[in-house]
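# Structure assessment
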Amino acid sequence: MIVPIEDSPRRTDPRSFAVRAISMLGQLVLPILFGAFAILDEGDLGDLALYFVPLVLVAVGANMAFAYLRWQRLTYTVGEADIRVESGILSRAARSVPYERIQDVSLEQKPVPRLFGLVEVKFETGAGGGDDLALTYLTQGEGERLRELVRARRDGTVVASDSTVTVEADSGRLLFAMSPKRVVTFGLFEFSLAVVAVVAGLAQQFDFLLPFEVWDWRAWREQLAAPGQWLAGLGFLAQVLGVVVAIGSLALVGVATGVIRTVLREWNFRLERTDKGLRRRRGLLTRTDLVMPVHRVQALRLRTGFLRRLFGWHALKVVSLASDSGSANHEAVPFAQMDEIAPVVAETGFALPATDLDWDRAMPAYRVDGFLLGFAVTLLISAIALAFGRWELALIPPILGGGWMALHEYLDWRWSRYALDRDQLYARRGWLAPSLTISSRHKLQSAEIIRNPLARLRGYADLHFGLAGGNFRMRGLPLARAQAIRDAVLASMGERDFSEVVETSGSRPEAH
Amino acid sequence: MDAADDLTPLDPAYKSLMRVQLAIVAAVLLVAASIAEVAIPGWTGAVWIPALLVAAYALIRVPLRRYHARGYALAGERLRVVRGVIFRKDTVVPFGRVQHIDVGQGPLERFFHLATLTVHTAGTHNASVALPGLKHDTAVAMREDIRTAIRRDTR
C-alpha cells in the first residue's frame, strides 16, 4: 500500500463530532434531567417547564456550536520532521512533536467511537504528567497509517523525494493469543479481595435495601429453617451454614468481578511480531492496539501469583522508557505457561536464565539483621502491653510476629537471588509470589552501592541500578561481591552509548 | 572499604558553605529555644542548654564529617560520587549514559565561588546525581569534559 505524505493541515474525522455529541448527552443532558426532576418535584410544573426547556436547549446548542468550532479549528499536519497540531478557537496553540521524540503510537477504541469505526491516536513521547499528544478521533485506517508513517519516519527509512512511504498492512507474525477459555481461566485468578471488601462494606451500609438482614445470624437461621423444620433444631449448624453462605456469596461476587474485568480487558488478546516491534491488541468494548518497539525494551519482568504459581501461570511485562509515563500497561503476555512465554522472551532479544547459572544469595547476616530489627519492633509493642499490665497480651507479638518474620526471612533468603552472565542481570524476588527481572547489562544507566550503618558493621551492601522505566536492585550482597558486580556491569555499560541504548533502532547484541 | 581510595575531595570552602547553611538553621533553633526559655518561668536553661549543644555540634562536627564523607572521581569515562555520613552511597554514572548536565550556583555558593554539578540519566532510579561543593571553574571544566566525551561517543 502506497500512501502519499501530505504537508497540508488535516482535520480529525467529522464523525468525532457525533461521538462528542453522544458523550455530551451523557455528561450534560442527563444531569439536567435529574436536576429538573429535583426542581419540578414541587408544584408549578407548567410554569417552570416554560423557563426550563429553553434553558436546556440553549445550553445544548451552545455546547454543540462550541464543539463544532473546536473541531473546525483543530488541524494536524504530518510534516517532514514532526507532527504539528494547531488548536484553539480564540487563542491558537500550536504544538510540534518531532518524530525522534515519539516513543510509541497507540490506538485506543472506546465503545462509542468504536460504533463509528473511530480510534483515538496517542503519541507517547515519554514526557511525564500524561502530557502526550492525542488526536480524537480518526478513522481506524488513518490511525494505522499515521502509526506506520511515524515509525518509518523516525527510523529514517522514508524516501523524501517522492514523498511516499510503503506501509505493509498486518504483516505480523502471531506470537501469542488467548482463547476465550484462557481469558476466563485468567479471570478466575483475578479474584479481587478489594472488591469483596467493598461489597461487604456496601452490604453493611445498605442492608436496609436487602429483603433480609445480612448480618443478623438469627434472621439467617430463620430463613434457612423455613423450608424444613429439622434445620431449626440444628441451631449451631444453621449458624455455621449461614456464615458459609455469606462468605460464599461474597467470594462469588469477587470471582465474578474478576472474570468480568478480565474478559473486558483481555478479550481476543493477540501479540504479534511486526517488523517494528511487538504489537498487542486486546479488549472487548475498548479495544487497544499498542506497539512496543523491541529495541526500546530495557528489561523484562516475569511475575506470578501465589495461587497461579501452583498451576504454572506466569505474566511477562516489558520495561521501557514509555512505560515510565504509566500511560499504557506494557504487559506483553498477561497469563501463560512458561513454554509459551519463552518464544516471546527470545523475540525481545533477551534470554531466560540458563539452568547452570551461578546464583548469589543475600548474606545470612542481612537476613538475620532484618529479622532482629523486626523482632525489636515486636518487643517494643510487648513492652507497651506490659506497661499496661497485660502480660498475656505481651506474649502475642514476639511469638506470632517473630515466628512469621523468621519464616519470611528464611524463605526469602532461599528464594531471592541474583545472578549475572555475559549479557544480562537477573534478580529473583519473593517466595510467596516470586518475580524475576531480566535486565541487559548494556542498557543500565547508573550503578549505586548503598550501605546503612548496620550494613557497614556487618559487611553487606545493597546494589541499585538505574534502569529507564523501572528499577533493578540487589539487596544484602557481600560488599566485595557487590563491588565486583558493579565493576563488571560498568565495564559493559561503557561499551555502548546511551543513544544506542534508548534512542535509535541500532543493532542490539545477539541473545545467547 | 569505606576509605576514600582514589577519591578527589571537595573544595575546602564547601566546609564554610555548610557552616553558614547550618548556622542559619541553628539560629532558628536558638530563637525558638529562647522563646521557650522565656515562656518557662525561671531561667532553668532546660531548653537552652541542649539547644546550644546541638547547635555547637552542628556547626563544628557536622560540616567536617560531611566533608570527609564526600568525594568524587572522574576516571575511565565515569563519574563517581560518594556521599553520606550514616547512609553511605557510592554512585557511578558512565559518561555514555548522561542525558544532560547542569552547573548550578545558589546565592551562597556564588559567594564562596562554588557550584553544584548535576548529571541527569534516563534511569528512573538515580535520575539525577548531584555533586555539590566544587569550585565553579572545576565544575565547568568537568562539564566540558563530560560533554566532549558524550559528543565523541555519539559521533
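Residues numbered from 1 in each chain as written. Chains lettered and ligands numbered in written order. Predicted model: local features only at pLDDT ≥ 70, side-chain atom pairs only at ≥ 80, totals over all residues.

For chain B, an unreviewed UniProt entry supplies the name YdbS-like PH domain-containing protein and the organism Qipengyuania flava.

So, about the packing of helix 12 (residues 364-387) of chain A against helix 14 (residues 396-415) of chain A. Residue and element names in this part refer to chain A. Direction vectors running N to C along helix 12 and helix 14 enclose 165 degrees, while the axes themselves pass 9 Å from each other. With respect to helix 14, the axis of helix 12 lies roughly antiparallel. Crossing geometry of helix 12 relative to helix 14 is assigned as right-handed. Counting all contacts with helix 12, which are made through Pro364, Arg367, Gly370, Phe371, Gly374, Phe375, Thr378, Leu379, Ile381 and Ser382, the residues of helix 14 involved are Pro397, Pro398, Gly401, Gly402, Met405, Ala406, Glu409, Asp412 and Trp413. Class assignment for the residues of the contact of helix 12 with helix 14 results in 10 nonpolar, six polar and three charged. (Axes fitted to C-alpha atoms, helices over the stretch in contact; angles between N-to-C directions. Helix = DSSP H or I, 4+ residues; strand = E, 2+ residues; numbered from the N terminus. Parallel < 35°, antiparallel > 145°, perpendicular 65-115°, else oblique. Left-handed = near helix turned anticlockwise from the far one by under 90°. Contact = placed C-beta atoms within 7 Å. Nonpolar A, V, L, I, M, F, W, Y, C, P; charged D, E, K, R; others polar.)

This part is about the sheet that holds strand 5 (residues 114-120) of chain B. All names here are of chain B. Spatially, three strands are ordered 4-5-6 in an open sheet, and the strand pairing comes out antiparallel. In the strand order of this sheet, the two ends are held by strand 4 (100-104) and strand 6 (128-135), each with one partner. Pairs of neighbouring strands in the sheet enclose a mean axial angle of 20 degrees, with direction left out of account. Note that strand 5 and strand 6 share six bridges and pair antiparallel. In the strand pairing of strand 6, leucine 114 is matched with lysine 135. (Pairing = 2+ DSSP bridges.)

So, about the UniProt feature "transmembrane region" (unreviewed entry) in chain B. Residue and element names in this part refer to chain B. UniProt marks residues 20-40 and 46-64 with the feature "transmembrane region" (unreviewed entry), using the numbering shown here. For residues 20-40, the helix share is 95%, the strand share is 0%, and the end-to-end C-alpha distance is 30 Å. This span, residues 46-64, is 89% helix and 0% strand, and a straight line between its end C-alpha atoms measures 28 Å. (UniProt positions renumbered as here; feature names shortened; annotations may be inferred.)

Let's shift gears to helix 12 of chain A. Since the α-helix advances by 3.6 residues per turn, residues separated by three or four positions end up pointing in the same direction. Residue and element names in this part refer to chain A. Here helix 12 contains 24 residues, and its C-alpha end-to-end distance of 34 Å stays within 8% of the 34 Å for a straight helix at 1.5 Å per residue. Within helix 12 the residues assigned to the buried category are Tyr366, Arg367 and Ser382. Next to the buried residues of helix 12 lie helix 13 (391-394), helix 14, strand 22 (460-467) and strand 23 (470-478). Just past helix 12, the residue glycine 389 takes up positive phi, approximately 75 degrees. (Expected span 1.5 Å × (residues − 1). Buried ≥ 20, exposed ≤ 12 C-beta atoms within 10 Å, placed from the backbone.)

All names here are of chain A. For strand 7 (residues 118-124), the tally of buried residues reaches seven of seven residues, placing the bulk of the element in the interior. With burial as the criterion, each face of strand 7 is covered, one bearing Leu118, Glu120, Lys122 and Glu124 and the other bearing Val119, Val121 and Phe123. Two elements, strand 6 (residues 104-109) and strand 7, share five bridges in a ladder whose sense is antiparallel. Bridging across to strand 7, glutamate 108 finds its partner in glutamate 120. Taken together, the five bridges between strand 7 and strand 8 (residues 133-139) define a ladder with antiparallel strand orientation. Paired with leucine 118 across the two strands is threonine 139, which belongs to strand 8.

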